Amino acid sequence: MNIQFTLNGRPLQLDVDPERSLLQVLRDDLRLTGTKEGCGSQDCGVCSVLLDDRLAKSCGLKAEHVDGRRGTTIEGLIGPDDGLTDLQEAFLDHGAVQCGFCIPAMVLAGEALLRRTPAPSRDDIRRGLATVLCRCTGYQQIVDAVADTARRRQSGVAVAQQESAR
């Protein structure tokens with residue numbers, strides 16, 4: 001089956017077996033290995049990617065279902081000068097990275113939340129991250145990193161609004 005979609009900002013056209021998962025296509029065909037396979041049954045969420053800016057578990061999503069859509073993997077989150085994004089920097093600043101296995105999905109879950117809810121409460125953040133399981137941490141540093149990013153983005157928006165009002 002031929003599918004067309006945008007991945008990490010680039011239009012793609014692929015011939016895929018419609019029974020293969022998006023996870024298999026990402027890792028095996030496109031060599032985007034930041035997306036991890038955990039449980040294979042949509043329970044752990046470490047295979048999560050953004051699909052049309054919403055978090056999606058790629059292990060349970062057939063590749064044919066991305067036709068005409070827009071996807072983002074961890075490799076597609078790029079900050080200024082091709083560096084880390086503010087959220088990725090906050091994960092480092094807050095020590096929110098341990099073994100690293102779930103971190104790509106956690107970062108994407110945080111980004112999805114911040115895109116829909118720019119000023120989330122700590123409870124909002126916990127709910128937004130709840131679909132990705134981490135076996136290494138108590139999540140506190142991850143929640144702190146997302147909260148700090150939200151705070152910084154909000155203050156940046158406020159500064160930009162003040163400057164444009166002048």
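Scoring rules and cut-offs
- Residues numbered from 1 in each chain as written.
- Predicted model: local features only at pLDDT ≥ 70, side-chain atom pairs only at ≥ 80, totals over all residues.
- Heavy atoms only, no water.
- Salt bridge = Lys/Arg side-chain N within 4 Å of Asp/Glu carboxyl O.
- Helix = DSSP H or I, 4+ residues; strand = E, 2+ residues; numbered from the N terminus.
- Buried < 20%, exposed > 50% of the residue type's maximum accessible area, 1.4 Å probe, protein only.
- Core = buried A, V, L, I, M, F, W, Y, C linked by side-chain atoms within 4.5 Å.
- Contact = heavy atoms within 4.5 Å.
- Pairing = 2+ DSSP bridges.
- Axes fitted to C-alpha atoms, helices over the stretch in contact; angles between N-to-C directions.

> Even after reading the chapter, I still don't get the pattern of salt bridges, so can you show me in this structure?
Pairs may arise between side chains of opposite charge once their charged atoms sit close together. Counting across every chain of the model gives 13 salt bridges. Note that Asp144 is salt-bridged to Arg122, the shortest N-O span being 2.4 Å. In this pair, Asp144 is assigned in helix 5 (residues 140-165) and Arg122 in helix 4 (residues 122-129), connecting sequence segments 22 residues apart. The exposure class of Asp144 is partly exposed, given its relative accessible area of 23%. Among the ionic pairs, Arg151 bridges to Asp148, the shortest N-O distance being 3.5 Å.

> Explain the nonpolar core here, please?
Side chains of nonpolar character tend, in soluble globular proteins, to be buried together. Within the largest apolar cluster, 29 residues are counted, with the highest numbers of intra-cluster contacts made by Phe91 and Met106. Looking at this core, the elements with two or more residues in it are helix 2 (86-93), helix 3 (103-116), helix 4 and helix 5. A total of nine residues in this core trace back to one element, the largest contributor, which is helix 3. Once residues within four sequence positions are removed from consideration, Met106 is found in contact with Phe91, Leu129, Val132, Cys134, Tyr139 and Ile142. Listed in part, the 15 residues of the second largest apolar core include Ile3, Leu22, Leu32 and Ala63.

> Where do I start with the sheet that holds strand 5 (residues 70-72) in this structure?
Spatially, the five strands line up as an open sheet ordered 2-1-5-3-4, and their pairing is mixed. Each edge of the open sheet carries a strand with a single partner, namely strand 2 (10-15) and strand 4 (54-57). Mean inter-strand twist for the sheet, computed between neighbouring axes without regard to direction, equals 40°. Of the strand pairs in this sheet, strand 1 (residues 2-7) and strand 5 are connected by two bridges, and their pairing is parallel.

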